[in-house]
Amino acid sequence: MKTQSLKFESKTYLITGATSGMGRAVAKAFANEGANLILSGRNEIAGNELVDELGDHAIFLSGDVSDPAYNQKLVDLAVTKYGQLDGISANAGRLGLGSITDLSPMEWHRTLDVNLTSIFYLLKAALPVLQKSSQASITINSSIAGFKSFPNHPAYCASKAGLIALAKQAAVDYAPKVRVNCICPGPVDTPLIHDSAKAFPDPAKAVENAGNNTLIQRLGKPKDIANLVLFLASKEASWITGSVYTIDGGIMAKG
Ligand SMILES: NC(=O)c1ccc[n+]([C@@H]2O[C@H](COP(=O)([O-])OP(=O)(O)OC[C@H]3O[C@@H](n4cnc5c(N)ncnc54)[C@H](O)[C@@H]3O)[C@@H](O)[C@H]2O)c1
């Protein structure tokens, strides 16, 4: 009987926000396809548990993505442990809730630092290494909040819009060696959406409505997002770069 080869065997991927939600689903999906993984997150216990679950080909390094030195360490780890880096799935993010008049400048800067400036640091560290790969790809997790507003999410929406522009810029500047794409999820069932719903008068109802408002009439699952991230990293996506994918159960189509 012919054995099926794993899609990402001998490839190395760096995943941020890997200890929960979408990042965790992406990590599991890459591991199932044989990839070596560098996992980034802040929660040491959750990170070590994930490594135990994924097996020998995963390393976790805790840190804050808004620190440029930490981003460099993640890339260096890929090179020292696996000799290469073939792709990135960037998922770390925070909400920084509050209206423009209520939000402190500190909270504004923190949200922009974690969501947007962190990607500048990560790309700066990773692009020289990624350019040596024969299948280099970066998938940046933005949001439909990069296109539309949500009550009391000014810093989040601004940072997510910035990511769309940054992804396109990186795609243009590093083609054809490195493909860079942006994904813009709608409401996905992760800890973040439950925090986001706190900006609404009835948070539980807001989460329920978010799912019901999609054309598919449910919240997204982290696995739905992982499926797209793996496709964009694959050889089958070799002509796709500088693209922005909404993956939102159809919310944006409703206008
Ligand atoms: N859940 C949704 O509905 C939704 C929709 C659109 C986009 N997104 C985006 O998807 C990405 C993943 O979020 P999620 O929904 O899986 O939620 P999540 O809360 O499960 O994941 C966010 C991750 O980012 C990590 N993180 C936050 N600040 C960090 C920092 N300073 N340094 C290192 N790591 C940090 C958290 O520890 C967490 O693991 C985020 O960028 C989020 O903005 C989420």
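First, a word on what this report is: a plain description of the structure on this page. (Residues numbered from 1 in each chain as written. Predicted model: local features only at pLDDT ≥ 70, side-chain atom pairs only at ≥ 80, totals over all residues. Heavy atoms only, no water.)

Regarding the site of the ligand
The test is simple: When at least one non-hydrogen atom of a residue lies within 4 Å of a molecule or strand, that residue is treated as near it. Polar contacts, as counted here, are pairs of nitrogen or oxygen atoms within 3.5 Å of one another; within protein the pair requires one atom able to donate a hydrogen and one able to accept it, and residues that are adjacent in sequence qualify only if both atoms are side-chain atoms. The method behind every accessible area is Shrake-Rupley, applied with a 1.4 Å probe, and residues are considered shielded solely by the protein chains displayed. Helix and strand definitions here come from DSSP, where helices need a minimum of 4 consecutive H or I residues and strands a minimum of 2 consecutive E residues; each element is numbered from the N-terminal end.
The local shell around the ligand holds 27 residues, among which Ser20, Met22, Tyr156, Val188 and Thr190 are the closest. Separating a nitrogen atom of the ligand from a side-chain N or O atom of Asp64 is a distance of 3.0 Å. One of the side-chain N or O atoms of Asn141 is found 3.1 Å from an oxygen atom in the ligand. Within the complex, the protein chains bury 94% of what would otherwise be the 820 Å² of accessible surface of the ligand. Breaking the shell around the ligand down by element, the ones donating at least two residues are α1 (21-32), α4 (105-130), α5 (154-174) and α6 (191-196).

Remarks on the sheet that holds strand β7 (residues 244-247)
Worth spelling out the cut-off: The pairing criterion is simple: DSSP has to find at least two bridges between the two strands. For every element, the axis is a line fit to its C-alpha atoms; helices are fit only across the contacting stretch, and the angle between N-to-C directions ranges from 0 to 180 degrees. Two residues qualify as a contact provided that any one of their heavy atoms is within 4.5 Å of a heavy atom in the partner residue.
Taken in spatial order, the seven strands line up as β3-β2-β1-β4-β5-β6-β7 in an open sheet, and their pairing is parallel. Strand pairing shows two members of the sheet lacking a second neighbour, β3 (58-62) and β7, which therefore form its edges. Adjacent strand axes in the sheet meet at a mean angle of 15°, parallel and antiparallel pairs treated alike. Relative to β7, strand β6 (residues 178-185) runs parallel, the two being bridged by four bridges. Within β7, the position partnered with Pro185 by the bridge is Ile247. Here α4 sits on the sheet and contacts β1 (12-15), β4 (87-90), β5 (136-141) and β6; the angle it forms with β4, its principal contact strand, is near 165°. Across the sheet, helix α8 (residues 222-233) lies against β1, β4, β5, β6 and β7, angled at about 165° from β6, the strand it touches most.

Remarks on the pattern of salt bridges
Basically, it comes down to this: Each salt bridge in this description consists of a side-chain nitrogen of Lys or Arg and a carboxyl oxygen of Asp or Glu lying within 4 Å of one another. Note on classification: 1.4 Å probe, protein chains only; a residue is buried when its accessible area is under 20% of the maximum for its type, exposed when over 50%, partly exposed between these limits.
Under the counting rule described, the total for this entry stands at eight salt bridges. Where Glu236 meets Lys7, a salt bridge forms, and the shortest distance between an N and an O atom there is 3.8 Å. Remark: Lys7 occurs in the segment before β1 and Glu236 occurs in the loop between α8 and β7; sequence separation between them is 229 residues. A relative accessible area of 53% means that Glu236 is categorised as exposed. The exposure class of Lys7 is exposed, given its relative accessible area of 51%.

Section: the packing of α1 against α8
What counts here: In what follows, roughly perpendicular refers to angles from 65 to 115 degrees, roughly parallel to angles under 35, roughly antiparallel to angles over 145, and oblique to any angle outside these ranges. In a left-handed crossing the near helix is turned counterclockwise from the far helix by less than a right angle, and in a right-handed crossing that turn is clockwise.
Put simply, α1 and α8 touch, their axes get as near as 8 Å, and they point 55° apart. With respect to their mutual orientation, α1 and α8 come out oblique. Here α1 runs over α8; the crossing is right-handed. Side by side, α1 and α8 meet where Gly21, Met22, Ala25, Val26, Ala29 and Phe30 of the first sit next to Pro222, Lys223, Ile225, Ala226, Val229, Leu230 and Ala233 of the second.

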